[in-house]
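Results of the structural survey
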Amino acid sequence: MKTLICGSLAYDTIMVFHDRFKNHILPEQIHILNVAFLVPDMRREYGGCAGNIAYNLRLLGGDPLIMATVGDDAGLYMQRLDHLGLAAHHVRQVAGTYTAQAFITTDLDDNQITAFHPGAMSHSDANKIADAADIALGIVAPDGRAGMLSHARQFHDAGIPFVFDPGQGLPMFDGDELLDFLKLADYCTVNDYEAKLLCERTARSLDELAREVKALVVTLGGRGSEIYCDGARIAIPCVAVEEVVDPTGCGDAYRAGLLYGIARGWPWLKTGRLASLMGAVKIGHRGGQNHKPSRAEIAARFESAFGESI
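Everything numeric here is computed off the predicted structure, so don't read it as measured data. (Residues numbered from 1 in each chain as written. Predicted model: local features only at pLDDT ≥ 70, side-chain atom pairs only at ≥ 80, totals over all residues. Heavy atoms only, no water.)

A word on the pattern of salt bridges. For the coordinates displayed, the defined rule picks out twelve salt bridges. In this structure, the salt-bridge partner of R20 is D109, at a minimum N-O distance of 3.0 Å. One end of the pair, R20, is in the loop between β2 (10-16) and β3 (41-47); the other, D109, is in the loop between β6 (100-106) and β7 (112-117), with 89 residues separating them in the sequence. For D109, a relative accessible area of 35% puts it in the partly exposed group. Between E177 and R145 there is a salt bridge; the shortest N-O distance is 2.6 Å. Highlighted residues: E177 in helix α4 (residues 175-184) and R145 in helix α3 (residues 145-157), separated in sequence by 32 residues. (Salt bridge = Lys/Arg side-chain N within 4 Å of Asp/Glu carboxyl O. Helix = DSSP H or I, 4+ residues; strand = E, 2+ residues; numbered from the N terminus. Buried < 20%, exposed > 50% of the residue type's maximum accessible area, 1.4 Å probe, protein only.)

In structure tokens:
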């Protein structure tokens with residue numbers, strides 16, 4: 001039985017400015033801002049929440065199925081999915097559009113200026129959950145607004161348990177819409193900033209929101225994560241890493257661990273620990289899909305960290 005990953009496929013173009021933005025942006029001239037930055041270093045990464053989650057779930061030996069929309073420029077990404085053995089028959093190409101992409105410029109202080117073009121992602125509601133067969137579990141990750149709303153409703157109506165993962169898409173929804181998502185979903189996962197925004201928009205506490213789902217998962221960066229379930233709060237520690245290289249995609253790797261554990265009916269403590277490990281594996285590499293541990297290596301690292309087998 002497969003896990004349906006609804007979300008974005010995107011190209012990330014990352015550029016490095018070998019200076020500091022503050023040296024070139026004059027506060028008194030901010031009203032007529034016109035700047036250009038020379039960026040000698042540039043790389044292009046394969047990203048998007050659906051792509052990153054599916055990539056990590058496949059590393060674990062799961063069976064992810066991507067449901068996303070891409071544009072006319074998606075050829076290289078489609079070739080990559082085929083090379084990785086990730087099924088793409090529910091990736092819809094929307095003619096006359098670009099694949100979603102982010103253009104990120106970083107300075108020497110790690111400040112970032114990002115421009116994001118949603119492109120084909122805005123047409124994600126054209127995909128229907130009913131078109132995918134043999135689905136045991138799903139996730140609604142950041143995507144086009146209409147697509148997230150319709151996919152949540154379709155998962156619920158089909159009786160397929162799913163994770164609501166609003167991510168950077170959370171600001172698109174008001175409090176009533178977010179509460180509706182939680183009523184439809186079986187699980188919800190957010191980071192600490194998103195958790196605060198979720199509470200503000202719904203006028204509910206985390207404990208109150210947790211009662212709407214089987215489990216509410218809040219990631220806390222370097223402080224680990226917490227899982228609210230059955231009236232309790234389970235603390236999940238971080239896994240030690242040799243080097244922090246790039247946090248991009250760590251949340252998606254974490255979600256892959258959640259999906260793997262949920263699909264197998266694991267206790268929440270073990271599920272959270274695997275999720276934490278996947279985030280730690282990813283953070284040692286640049287980009288969201290460049291880490292390549294084998295299933296055996298992941299299992300060995302999990303046993304070393306937590307003293308139990310996966």
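Okay, back to it.
This next bit is on helix α1 (residues 49-59). The element α1 is extensively covered by neighbouring structure, given that ten of its eleven residues are classed as buried. Phi for G61, located one or two positions after α1, is positive at around 95°.

Take the pairing of β2 next. Counting buried positions along β2 gives six out of seven residues, so the element sits mostly inside the fold. In the sheet, β2 pairs with β3 via seven bridges, with the strands oriented antiparallel. The partner of D12 across the bridge, within β3, is E45. Pairing analysis gives seven bridges linking β2 to β6, with the strands arranged parallel. Among the inter-strand pairings, V16 is bridged to a residue of β6, identified as T106. (Pairing = 2+ DSSP bridges.)

Both faces of the sheet carry side chains from a regular strand, because those side chains alternate between them. When β6 meets β7, the two strands line up antiparallel, connected through six bridges. Note on β7: the bridge partner recorded for T106 is Q112. The loop that links β6 with its antiparallel partner β7 comprises five residues; one of these, D110, has a positive phi angle of about 65°.

This brings us to the sheet that holds β7. Pairing within the open sheet is mixed, and its four strands lie in the order β3-β2-β6-β7. Each having just a single partner strand, β3 and β7 make up the two edges of the open sheet. For this sheet, the mean angle separating the axes of adjacent strands, direction not counted, is 15°. (Axes fitted to C-alpha atoms, helices over the stretch in contact; angles between N-to-C directions.)

Of all ten residues making up α4, seven are buried, and the element is well covered by its neighbours. Among the residues making up α4, those that are buried are G175, E177, L178, L179, F181, L182 and L184. Those residues of α4 that are buried are in contact with α3, β9 (162-164), β10 (187-191), α5 (192-202) and α6 (206-210). N-capping of α4 is provided by D174, with a side-chain oxygen placed 3.2 Å from the backbone N of D176. (Contact = heavy atoms within 4.5 Å. Polar contact = N/O pair within 3.5 Å; in protein donor to acceptor, adjacent residues only side chain to side chain.)

Remark: α3 packs on α4, axes separated minimally by 9 Å, with the N-to-C direction vectors making an angle of 30°. As summarised for this structure, α3 and α4 are arranged roughly parallel, according to the angle between their axes. Both α3 and α4 take part in a crossing whose hand is left-handed. Residue-level contacts link R145, M148, L149, A152, R153 and H156 of α3 to E177, F181, K183 and L184 of α4. Residue composition of the contact of α3 with α4, by class: five nonpolar, one polar and four charged. (Parallel < 35°, antiparallel > 145°, perpendicular 65-115°, else oblique. Left-handed = near helix turned anticlockwise from the far one by under 90°. Nonpolar A, V, L, I, M, F, W, Y, C, P; charged D, E, K, R; others polar.)

For the rest of this paragraph, the subject is the state of the cysteines. Disulfide: a covalent bond formed between the sulfur atoms of two cysteine residues. Applying the stated criterion across every chain yields a total of zero disulfides. For C6, which is in no disulfide, the shortest distance to another cysteine sulfur is to C49 and amounts to 12 Å. The thiol sulfur of C188 is not disulfide-bonded, and the nearest other cysteine sulfur, from C199, lies at 10 Å. The exposure class assigned to C188 is buried, which follows from its relative accessible area of 1%. (Disulfide = S-S within 2.5 Å.)

Hydrogen bonds along the backbone pair up the strands of a sheet, which may run parallel or antiparallel. One open sheet holds the nine strands; their spatial order is β5-β4-β1-β8-β9-β10-β11-β12-β13, and the pairing between them is mixed. Because the sheet does not close on itself, it has two edges, and the strands there are β5 (91-93) and β13 (232-236). The sheet shows a mean angle of 20° between the axes of neighbouring strands, direction not considered. Here strand β12 (residues 225-229) runs beside β13; their pairing, made up of five bridges, is antiparallel. Directly across from I227, in β13, lies its bridge partner I234.

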